[in-house]
Structures are given as structure tokens and as C-alpha cells.
Amino acid sequence: TNSEVQQFYEKVSASIAEDIKIVAETKVDGLSASLRYENRKLVLALTRGDGAKGEDITNNVLHITGVRKNLPAEFPKELEIRGEVFMPKDVFANLNDERKNQGLNLFSTPRNAAAGSVRQLNSSVTKSRKLGFFGYTIIEKENFFGDTIIDMRKKLEKYNFNLNKPAMLCNSLSDMMFFHKSVSNIRGKLNYDIDGIVYKINSLSEQQKMGHTNRWPRWAL
């Protein structure tokens with residue numbers, strides 16, 4: 001709601017002395033996943049059901065658009081990419097048409113279809129489902145991706161990674177409200193499901209200062 005956004009902005013304003021910059025992004029309605037790389041090679045992919053550990057889905061994510069088996073040579077040797085596995089809306093519609101023709105049960109939502117597809121024992125089924133992946137957080141020690149979320153997004157775009165769009169750098173509460181309204185107007189045209197908007201402090205150092213509660217970060221809404 002508007003009041004929640006205003007409360008968040010005021011809370012951040014009270015915590016940060018300098019100009020506040022907040023990144024607004026679409027909140028992808030998918031299956032949370034963590035991709036871990038060693039020597040720039042994907043070695044482990046987990047669902048992130050409890051935020052720490054999850055099911056091993058490594059064999060299946062290798063067949064997902066947007067997941068790199070190997071990272072560019074310039075990237076840090078070790079890093080973790082967290083993001084969302086999702087099924088594009090047009091793929092979901094085609095899949096349910098096929099299942100209907102075959103007399104099979106239909107998937108209720110693209111999220112359920114994505115979750116079922118990525119957990120398949122047969123990775124060829126996962127491949128046929130044409131899933132996508134958007135990364136939104138990178139954990140690394142070398143500061144290769146810069147000091148802000150926008151730095152990270154620009155770096156990933158430079159190397160042709162898939163990102164959820166639209167996104168916007170907000171300098172004010174009115175910018176935040178504008179983004180929400182804009183996305184509401186185009187929500188039906190996006191080829192992936194969303195379950196809202198995420199607002200995050202752009203500065204990674206300010207994020208660290210604000211910290212987390214037991215359940216969620218204080219620097220995001």
C-alpha cells in the first residue's frame with residue numbers, strides 16, 4: 001500500500017544522512033534458487049526454501065535460459081548468484097494447452113509449473129519446459145560488481161545476463177509511487193508473473209548498516 005511505501009521511505013530517511021537512492025524492481029513470482037560457482041564453473045544449484053539450504057537442482061538448472069554453466073573470464077573465481085526460476089507466460093499457456101490435449105492435469109500458475117519443472121528427475125523434461133532465470137543478488141568478496149545494485153545490474157547487462165525489467169532508480173517517494181503505478185499499468189503485458197514490487201536501498205554499504213531482522217532485511221520492502 002502507499003502508506004507502507006511512505007513508512008519505508010521515512011524509516012530509510014531517518015537512517016541515512018546522505019541522499020537516498022532506492023532501486024525499484026518487479027518481484028518475480030518464481031522459485032527462489034541459489035547458484036554457486038567455483039573457478040567460474042557452476043558447481044551447485046539449490047532451491048532456497050528456508051533461505052539457507054534447499055533441494056539440489058544442479059542437473060536441471062543447466063537447461064534453464066539465463067543460467068550460465070561458466071562465467072566470463074573477468075568474473076571472480078567464486079561467487080553465488082541468487083534469483084528466481086520462472087516460466088514465461090507464453091510457455092505456460094502452451095504447456096497447459098498440450099496437457100489439456102493429452103488429458104493431463106493442468107498447472108494452476110506459472111510458478112507451480114516452474115517449481116514442478118525444475119524438480120523433475122528427468123532433466124530432459126526440464127529442458128523442454130523452457131524455463132527462465134533472473135538473478136537479483138550476487139554474493140562475492142572481490143567487489144567486482146561495484147558498490148550499488150545499479151552497478152551490479154549494469155555489469156550483468158554488459159555481459160548479456162538476463163535481468164528482470166523494468167527497474168528504476170528512485171530519488172524520492174514520488175519516484176517510488178510512479179514506478180508502482182507504471183508497473184501496474186503494464187503488468188498484463190509482462191511475459192512473467194509478478195507478485196508485487198521490491199524496493200531496495202541502492203548502496204550496498206548502507207544495506208549492511210541497516211541490517212536484517214530475523215525474517216527480512218530492514219533495507220528492503
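Residues numbered from 1 in each chain as written. Predicted model: local features only at pLDDT ≥ 70, side-chain atom pairs only at ≥ 80, totals over all residues. Heavy atoms only, no water.

**Student:** Describe the sheet that holds strand 7 (residues 194-201), naming the residues involved and giving the relevant values.
**Tutor:** Taken in spatial order, the three strands of this open sheet run 6-1-7, and their pairing is antiparallel. Taken across any chain shown, the strands that pair with only one partner, and hence form the sheet edges, are strand 6 (167-170) and strand 7. Averaged over all pairs of adjacent strands, the angle between their axes in this sheet comes to 25°, without regard to strand direction. As defined by bridge partners, strand 1 (residues 22-28) adjoins strand 7 across six bridges and the pair is classed as antiparallel. What sits directly across from Thr 26, in strand 7, is Ile 197. Sheet contacts for helix 6 (residues 149-158): strand 1, strand 6 and strand 7; angle to strand 1, the most-contacted strand, approximately 60°. (Pairing = 2+ DSSP bridges. Helix = DSSP H or I, 4+ residues; strand = E, 2+ residues; numbered from the N terminus. Axes fitted to C-alpha atoms, helices over the stretch in contact; angles between N-to-C directions. Contact = heavy atoms within 4.5 Å.)

**Student:** So, the environment of Leu 62: which residues are in play, and what are the values?
**Tutor:** On the secondary structure map, Leu 62 appears in the loop between helix 2 (58-61) and strand 4 (79-86). Judged by relative accessible area, Leu 62 falls into the partly exposed class, the value being 31%. Spatially, the C-alpha atoms of Leu 62 and Pro 166 are 26 Å apart, while their sequence positions differ by 104 residues. Discounting residues that sit within four places of it in the chain, Leu 62 has contacts with Leu 42 and Lys 69. (Buried < 20%, exposed > 50% of the residue type's maximum accessible area, 1.4 Å probe, protein only.)

**Student:** Summarise the nonpolar core; cite the residues concerned and give the values.
**Tutor:** Leu 35 and Val 61 are the most contacted members of the largest nonpolar core, which totals 34 residues. Residue assignment for this core shows that the elements contributing at least two residues are strand 2 (31-38), strand 3 (41-47), strand 4, helix 3 (89-101), helix 4 (110-118), strand 5 (132-139) and helix 6. Setting aside chain neighbours within four positions, we find Leu 35 in contact with Leu 42, Leu 44, Ala 45, Val 61, Val 67, Leu 79, Glu 80, Ile 81 and Phe 133. Counting residues in each nonpolar core, the second largest holds 23 residues, with Ile 22, Phe 134, Cys 170 and Met 176 among its members. (Core = buried A, V, L, I, M, F, W, Y, C linked by side-chain atoms within 4.5 Å.)

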